[in-house]
Amino acid sequence: MAGELSPIDKAKFVAAKRAADLVEDGMQVGLGTGSTAAWLVRHLGERVRDSGLRIKGVPTSTRTAQLAHEAGIEVISLDEAKILNMTIDGADEFDGNLNLIKGGGGALLQEKIVAAASEDVVIIADAAKEVGTLGAFPLPIEVIQFGWTTTQMLVEELLVSTDVMGRKTTLRMNGDKPFVTDEGNFILDLHLSRIGNARQLAMALNQMPGVVENGLFIDLCDRVIIGYADGRVETRDIHEGTVSEAHINLVESDNLFSDL
Ligand code: 5RP
């Protein structure tokens, strides 16, 4: 069964498995959104069902909430949890300082709030997500629907005086209609190619009235776990400055594949 997964899915699978093993009994855990985070939820569900792990999960989207319910994880709101022991989420890009672009799945607002409420933020990713400089992946920003075209125009004006390579912005679509986030907002994708100063751009974007939040996660990630298709996983800790390696046996994980 494991053999039927694509190399990229195997990489996501093992990164998620390694992260799920970090979760301890009694923890309140933020559950990310996206295909890598979906593997995490399945791994955690397996530990809940088979090993009696007791955790409370705070999902970062309605999609993840549904998946967590299906996996048998107790779901609570962030208001109930208030502070989380750990959040595990995917990313669209990460750089050498573990700064991120997130929001490819449209859940950046809840993801950022949940990450900010967490004592330990662990990002799980395949190696293709690592970049020297952020920006090849279009930067998502969440904007309120009211006056969104004006907001788009003002964002484009801001980009003229910003250290970026591209300046095109597009409204994210869902078929022939705008994509609407869980919070009822729109997403603008900024095609910047290269972001010279991500910290500065993140602050400037959030000062604009129609912008609710941007997908740059600066100084939020504590560790990144990078998965490879052959089962290798590498963990980088930004505070300790350490890199450690482990190996996940894909064959032993066949239970989970057959549940899908
Ligand atoms: C959702 C996200 C995801 O974490 C990001 O898009 C990565 O997704 P995937 O794991 O499917 O590659 O930020 O808003």
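Residues numbered from 1 in each chain as written. Predicted model: local features only at pLDDT ≥ 70, side-chain atom pairs only at ≥ 80, totals over all residues. Heavy atoms only, no water.

Observations regarding the side chain of Glu213
Stage number 1. By secondary structure assignment, the location of Glu213 is in strand 13 (residues 211-214).
Stage number 2. Accessibility expressed as a relative area gives 13% for Glu213, which makes it buried.
Stage number 3. A distance of 2.8 Å separates a polar atom in the side chain of Glu213 from a polar atom in the side chain of Asn206.
Stage number 4. Within the local environment of Glu213, its side chain forms a polar contact with the side chain of Asn214, the two groups lying 3.4 Å apart.
Stage number 5. Other than its neighbours up to four places away in sequence, Glu213 contacts Leu108, Leu109, Lys112, Ile141, Glu142 and Asn206. (Helix = DSSP H or I, 4+ residues; strand = E, 2+ residues; numbered from the N terminus. Buried < 20%, exposed > 50% of the residue type's maximum accessible area, 1.4 Å probe, protein only. Polar contact = N/O pair within 3.5 Å; in protein donor to acceptor, adjacent residues only side chain to side chain. Contact = heavy atoms within 4.5 Å.)

Quick word on the packing of helix 1 (residues 7-20) against helix 2 (residues 35-51)
Stage number 1. Following both chains from N to C, one finds helix 1 and helix 2 inclined at 45°, their axes separated by 8 Å at the closest point. Judged by the inter-axis angle, helix 1 sits oblique to helix 2. At the point where helix 1 passes helix 2, the crossing takes the right-handed sense. Residues Asp9, Lys12, Phe13, Ala16, Lys17, Ala19 and Ala20 of helix 1 touch helix 2, and the partners they reach there are Ser35, Thr36, Trp39, Leu40, His43, Leu44 and Arg47.
Stage number 2. In terms of residue class, the contact of helix 1 with helix 2 is made up of seven nonpolar, three polar and four charged. (Axes fitted to C-alpha atoms, helices over the stretch in contact; angles between N-to-C directions. Parallel < 35°, antiparallel > 145°, perpendicular 65-115°, else oblique. Left-handed = near helix turned anticlockwise from the far one by under 90°. Nonpolar A, V, L, I, M, F, W, Y, C, P; charged D, E, K, R; others polar.)

Things to note about the sheet that holds strand 6 (residues 100-101)
Stage number 1. Pairing is antiparallel in the open sheet, where three strands are placed in the order 5-6-14. The open sheet has two free edges, formed respectively by strand 5 (93-94) and strand 14 (216-217), since each of these has just one partner strand.
Stage number 2. The pairing of strand 5 with strand 6 spans two bridges and is antiparallel. For Glu93, the partnering residue across the bridge sits in strand 6 and is Ile101. (Pairing = 2+ DSSP bridges.)

Notes on the domain arrangement of the protein
Stage number 1. Domain assignment breaks the protein into domain 1 (2-130 + 219-257) and domain 2 (139-212).
Stage number 2. Counting residues at the interface gives 12 residues for domain 1 and 14 residues for domain 2.
Stage number 3. Carbon and sulfur atoms make up 52% of the area that domain 1 and domain 2 hide from each other, which totals about 960 Å².
Stage number 4. Across the pair Arg199 and Asp219 runs a salt bridge whose closest N-O atoms are separated by 2.8 Å.
Stage number 5. One can count five residue pairs in polar contact (both at pLDDT 80 or more) joining domain 1 with domain 2.
Stage number 6. The leading source of residues in the side of domain 1 that touches domain 2 is helix 5 (residues 108-116), at three residues.
Stage number 7. Partitioned by chemical class, the residues of the side of domain 1 that touches domain 2 number three nonpolar, seven polar and two charged. (Domains from an automatic or database assignment. Buried area = accessible area lost by both parts, 1.4 Å probe. Salt bridge = Lys/Arg side-chain N within 4 Å of Asp/Glu carboxyl O.)

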